[in-house]
Structures are given as structure tokens and as C-alpha cells.
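As a plain string of letters, each chain reads:
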Amino acid sequence: AGIVLAAGRSSRLGRPKQLLSIHGEPLLRYTVRRTLASSLDEIFVVIGHEADAVHAAIADLPIEVVFNPDAALGQSTSVIAGLRALAPGTEAAMFLLGDQPGIDPAVIDALIAAWRETSAPIVAPEYPGGIGNPILFDHRVFPELRTLDGDRGANPIVRAYQRQGRLDLVPIKHSAPPDIDTEADYAALLAATNSPSPFAKGEGLG
């Protein structure tokens, strides 16, 4: 399952980043559609801030929308809300960021393929600048994810597994997709859409 985290308040931007326009559609919708182009079996999108408007932007897509009433308490609450929505027996979950419209479906598929081959507890992409998103967690790690609190994601868990030599890294040749946190990030995103490379499917796998 894929869990797209999109419940944040966009405090640095000052307006809902989920609803920014890219290629004539809301940014979150664009991100989710690219996620749908992957081989994930099902996709959940966790929303919170401006929930009605954000929901309306993706309501017609073949996904499950999860409302996180505790979104203001931080990203950890969205991670847990996404896990709660999973069907019993879900083998693994991949967490994706709703503000990364440059996500490459081929990277998603590469992580899934690596997990199926190795059964590693955590599989992450290794970009030229280091480990990035999205990250896949085997169901064996779900109990640890449920212990997260505050405004942080799963980075502490990922780093702990890396130190233990239990993190499977998939090399990616191109740069990690940027987050959209500020107006400058949004302007850079719009400029990047004029070039096919940041959004081209299948490029840059190691």
C-alpha cells in the first residue's frame, strides 16, 4: 500500500500547498496521479488541514482518503492515521510526501521490486545527495512506526536501521524530488516543469 502524507498546514508557504496549481491541476492531485502510475496495489491519502477543499481535489481518483483530526500535532499523527487505515494482512507500506510532485513512478516500482527480492524491513532510495523519499516499510516495522510522536516522520527509525545494517538502499542516479515548502520552491517547480527531466518516468535508476 502507498500512504501519501498531505495533512500539513503549509505554515511556511502561507496557503495550502496541496492546492497549488501545476499543469492546470492541484499539486496534490498531480502527485497522487503520478503515484497511481506505479505498481502499488492501493493508495491512501491522509488529509487534515483544509480537508474539504483538499478532498475535493482528489475525490474522483481511485484512492482511499483518510482524515487525520490530529494533523496539527505533527506528521507522526498522519503516519499513524495511514497505518490505521490499512487492511489487516497488508504486507508493506510505502510513505510518500504529497508535496513532491516530481516523484518518479519508476522509483516507487524499484523499491517494491527490491523489497520483494530481499524482504528487507525498510527499503529507501539513495539519491546522489543521500537517502530520500519515498520509503517502504515491511509490516514487521509497523509497531515501531506507531510509537512515533510529535512533528516528525520516520527518519529516526530509518537511521536506526541503517546503523544496524538492516536498511536496503536502492541507488537512483537523478536528484531527489524537491519538497514544496515556500513560494521560492513553488517558483522553482514551475520553472522545472518546462524541462522533462524532473518529471520523466523511468529515468535515473541505478
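Residues numbered from 1 in each chain as written. Predicted model: local features only at pLDDT ≥ 70, side-chain atom pairs only at ≥ 80, totals over all residues. Heavy atoms only, no water.

Another aspect to go through is the environment of Gly102. Within the secondary structure, Gly102 sits in the loop between strand S6 (92–97) and helix H4 (105–118). Look at Gly102 and you get buried, because its relative accessible area is 9%. Sequence spacing of Gly102 and Pro177 is 75 residues, and the spatial spacing of their C-alpha atoms is 5.0 Å. (Helix = DSSP H or I, 4+ residues; strand = E, 2+ residues; numbered from the N terminus. Buried < 20%, exposed > 50% of the residue type's maximum accessible area, 1.4 Å probe, protein only.)

What follows deals with the pairing of strand S7 (residues 122–127). Burial runs high along S7: five of the six residues are buried. Here S7 pairs with strand S9 (residues 135–138) via two bridges, running antiparallel. Its bridge partner being in S9, Val123 is matched across the sheet by Leu136. Two elements, S7 and strand S10 (residues 167–171), share five bridges in a ladder whose sense is parallel. In the sheet register, Ile122 faces S10, and the bridge partner there is Leu167. In terms of strand pairing, S7 meets strand S8 (residues 130–131) through two bridges, oriented antiparallel. The residue of S8 that forms the bridge with Glu126 is Ile131. Two successive antiparallel strands, S7 and S8, enclose a turn made up of two residues. (Pairing = 2+ DSSP bridges.)

Turning next to the pairing of S9. In S9, alternate side chains face the same way, and those of Ile135 and Phe137 on one face and Leu136 and Asp138 on the other are all buried. The sheet contact formed by S6 and S9 spans four bridges and is antiparallel. Looking at S9, one finds that Ala92 is bridged to Asp138.

This brings us to helix H2 (residues 51–58). All of the buried residues in H2 are Ala51, Val54, Ala57 and Ile58. One side of H2 carries all its buried residues, which in axial view fall inside an arc of 130°. Among the exposed residues of H2, those pointing more than 90 degrees away from its buried face are Asp52 and Ala56. Among the structural elements, strand S3 (25–26), helix H1 (27–36), strand S4 (43–47) and strand S5 (64–67) are those in contact with the buried residues of H2. (Arc of directions from axis to C-beta. Contact = heavy atoms within 4.5 Å.)

This paragraph deals with the packing of aromatic side chains. The tally for this structure, following the rule as stated, stands at one aromatic pair. When the ring of Phe95 is compared with that of Phe137, the centres are 5.8 Å apart and the planes differ by 75°; the resulting orientation is edge-to-face. Taken together, the residues Phe95 in strand S6 and Phe137 in strand S9 connect sequence positions 42 residues apart. Exposure class is identical for Phe95 and Phe137. Each is buried. (Phe/Tyr/Trp six-rings, centres within 6.5 Å; stacked < 30°, edge-to-face > 60°.)

With respect to the helices and strands, Ser38 occurs in the loop between H1 and S4. What makes Ser38 buried here is its relative accessible area of 13%. Polar side-chain contacts of Ser38 include one of 3.3 Å to the backbone nitrogen of Leu40. The residues touching Ser38, leaving out its near neighbours within four places in the chain, are Pro105, Ile108 and Asp109. (Polar contact = N/O pair within 3.5 Å; in protein donor to acceptor, adjacent residues only side chain to side chain.)

This part covers the confidence of the model for the protein chain. Low pLDDT marks regions whose predicted coordinates should not be analysed in detail. On average, the protein chain scores 90 in pLDDT, and the residues at 70 or more come to 91%. Segment residues 195–206: pLDDT under 50, and 34 contacts once partners within four positions in sequence are set aside and those in other chains are kept. (pLDDT = per-residue confidence, 0-100.)

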